[in-house]
2 protein chains.
Amino acid sequence: MSLMDHMVAAASNWLETDSDSKALARPVNWFRQKSGYAFVNRLVGSAIPFAPRNRFRVEEVKAGYVRASIALKGNKNHFGSLYAGAYFLVAEIPGGVLALFDLGPAYVPILKEMTLEFLQPANSDVTVEMTLAPDVLDTVRLEADETGRAAFSLEGALTDSEGQVVARSVAHYRVRKRAAV
Amino acid sequence: MSLMDHMVAAASNWLETDSDSKALARPVNWFRQKSGYAFVNRLVGSAIPFAPRNRFRVEEVKAGYVRASIALKGNKNHFGSLYAGAYFLVAEIPGGVLALFDLGPAYVPILKEMTLEFLQPANSDVTVEMTLAPDVLDTVRLEADETGRAAFSLEGALTDSEGQVVARSVAHYRVRKRAAV
């Protein structure tokens with residue numbers, strides 16, 4: 001399936017309101033109307049309201065790649081820097097976004113373990129880039145198709161607005177193949 | 001210092017609005033007016049707005065012990081179970097609460113690493129209990145007093161409303177002693 005097919009299929013699964021359904025009758029038009037990654041962020045927010053509520057944002061998605069950010073605004077701790085839970089959020093959601101857009105909605109990612117190492121306080125928004133190599137994607141797809149299950153890991157470097165690495169994340173996901181989508 | 005002294009000192013550091021300042025002029029009265037742990041939760045929310053915004057709640061604090069919960073409401077993922085980021089929140093804040101109430105505001109805890117292992121989905125609110133043994137507290141206090149720094153680790157078992165363990169957490173904190181409070 002193409003990326004657009006995935007997005008529409010995912011949207012069909014996730015979005016539930018009347019206005020969303022109407023918009024999906026003409027998904028490409030709707031997509032064109034929205035600037036940048038508003039559609040992707042709408043999807044994420046429909047799946048996990050926790051994400052937009054805490055100012056998580058997908059900034060770019062392409063094959064095997066996601067860039068996402070979390071705002072400092074609203075997420076400060078009592079030192080005025082970014083609260084640890086916001087680090088977790090920006091490190092975690094990209095795994096689901098990658099799985100959705102690179103594997104498609106038939107492959108369901110389930111987070112099994114996440115380790116976050118906090119290196120220094122962040123006094124700005126924080127960005128993370130994550131990649132899944134084509135051979136990893138192929139392996140996950142093959143294993144899940146054959147056995148119903150697979151696994152992948154994602155490592156991320158979280159950077160502040162000056163490009164300094166403020167934290168590192170390692171996430172282990174399992175993938176379950178859905179019988180039918 | 002007594003627990004109440006710690007709370008008032010902490011509140012003085014944390015709370016910033018006019019109404020809070022007025023309330024603190026008579027902290028004991030204010031404390032008495034508030035039922036249960038509203039005061040503690042107000043403190044947490046003043047330090048880290050992320051916590052109450054995502055329905056984190058301290059339920060009990062006593063020497064070396066904290067019990068806290070996170071609501072399923074508002075925190076669901078697209079499977080209808082608790083989103084992973086909510087697990088992180090309920091596993092992380094208790095370390096700060098324990099440090100504040102057992103060590104006092106002169107000892108500043110800094111999260112260095114957190115690992116969460118997700119065992120099964122939670123379809124209810126999730127609760128965690130965490131304890132710091134008296135000898136650990138003594139060691140932290142002594143080391144921080146002598147060197148300005150110390151460290152402690154906290155392990156937590158996160159349980160659903162039926163008492164099933166849905167996740168396990170291991171958090172490593174460093175402690176910095178403030179020059180003056």
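Since we're looking at a predicted model, the values are computed, not measured.

Caption draft 1: Structural detail: the overall build of chain A. Along the backbone of chain A there are 7 helices and 6 strands. Going through the 181 residues of chain A one by one, you find that 49% of them count as buried. Considering only residue pairs separated by 6 or more positions, chain A has 66% of its internal contacts joining residues 24 or more positions apart. Accessible area of chain A: about 8400 Å², with a carbon and sulfur share of 48%.

Caption draft 2: How the structure looks around the side chain of B:Ser69. Residues and elements named next belong to chain B. The residue Ser 69 is located in strand β2 (residues 65-70) in this model. Owing to a relative accessible area of 6%, Ser 69 belongs among the buried residues under this scheme. In terms of polar contacts, Ser 69 uses its side chain to reach the side chain of Glu 59, at 2.9 Å. Dropping the residues within four chain positions of it, Ser 69 is found in contact with Arg 55, Phe 56, Arg 57, Glu 59, Val 90, Val 126 and Thr 127.

Caption draft 3: Quick peek at the relation of the copies chain A and chain B. Superposition of chain A onto chain B requires a rotation of 180 degrees combined with a translation of 0.0 Å along the rotation axis, giving an RMSD of 0.0 Å. Here the copies are linked by what is in effect a two-fold axis. No C-alpha of chain A lies nearer the rotation axis than that of A:Thr115, which sits 2.1 Å from it. Comparing interface residues between copies, 97% of those in chain A also sit at the interface in chain B, which points to an isologous, same-surface contact.

Caption draft 4: Expanded view of the environment of B:Ala38. All names here are of chain B. Tracing the backbone through its elements, the reader meets Ala 38 in helix α4 (residues 38-47). A relative accessible area of 32% means that Ala 38 is categorised as partly exposed. Note: C-alpha distance between Ala 38 and Ala 84 (46 residues apart in sequence) is 26 Å.

Caption draft 5: The arrangement of the pattern of salt bridges in detail. Applying the stated criterion to the full structure yields 12 salt bridges over all chains. Among the ionic pairs, A:Lys62 bridges to A:Glu60, the shortest N-O distance being 3.8 Å. Note that B:Asp138 is salt-bridged to B:Arg141, the shortest N-O span being 3.2 Å. Here B:Asp138 and its partner B:Arg141 are both found in helix α7 (residues 134-147), 3 residues apart, which amounts to about one turn of the helix. On the basis of relative accessible area, B:Arg141 is assigned to the partly exposed category, the value being 27%. Taken together, the shared-partner salt bridges connect A:Arg57, A:Glu59, A:Glu60, A:Lys62 and A:Arg67 into one network.

Caption draft 6: Broad picture of helix α6 (residues 84-103) of chain A. Residues and elements named next belong to chain A. The terminal C-alpha atoms of α6, which comprises 20 residues, lie 29 Å apart, in line with the 28 Å expected from a rise of 1.5 Å per residue. With respect to burial, α6 is a largely interior element, 19 of its 20 residues being buried. Just past α6, the residue Gly 104 takes up positive phi, approximately 95 degrees.

Caption draft 7: Quick peek at the sheet that holds strand β5 (residues 149-159) of chain A. Overall, antiparallel pairing links the 12 strands, which are arranged β1(A)-β2(A)-β4(A)-β5(A)-β6(A)-β3(A)-β3(B)-β6(B)-β5(B)-β4(B)-β2(B)-β1(B) in an open sheet. Lying at the two open borders of the sheet, with one neighbouring strand each, are β1 (56-62) of chain A together with β1 (56-62) of chain B. For this sheet, the mean inter-axis angle between neighbouring strands, taken without regard to orientation, is 20 degrees. Pairing of strand β4 (residues 126-131) of chain B with strand β5 (residues 149-159) of chain B, which is carried by 3 bridges, proceeds in the antiparallel orientation. Counterpart to B:Val128 in the pairing with β5(B) is B:Leu158.

Calculation notes
Residues numbered from 1 in each chain as written. Chains lettered and ligands numbered in written order. Predicted model: local features only at pLDDT ≥ 70, side-chain atom pairs only at ≥ 80, totals over all residues. Heavy atoms only, no water. Helix = DSSP H or I, 4+ residues; strand = E, 2+ residues; numbered from the N terminus. Buried < 20%, exposed > 50% of the residue type's maximum accessible area, 1.4 Å probe, protein only. Contact = heavy atoms within 4.5 Å. Areas by Shrake-Rupley, 256 points an atom, 1.4 Å probe, with all protein chains shown as cover. Polar contact = N/O pair within 3.5 Å; in protein donor to acceptor, adjacent residues only side chain to side chain. Least-squares fit on C-alpha atoms with pLDDT ≥ 70 in both. Salt bridge = Lys/Arg side-chain N within 4 Å of Asp/Glu carboxyl O. Expected span 1.5 Å × (residues − 1). Pairing = 2+ DSSP bridges. Axes fitted to C-alpha atoms, helices over the stretch in contact; angles between N-to-C directions.

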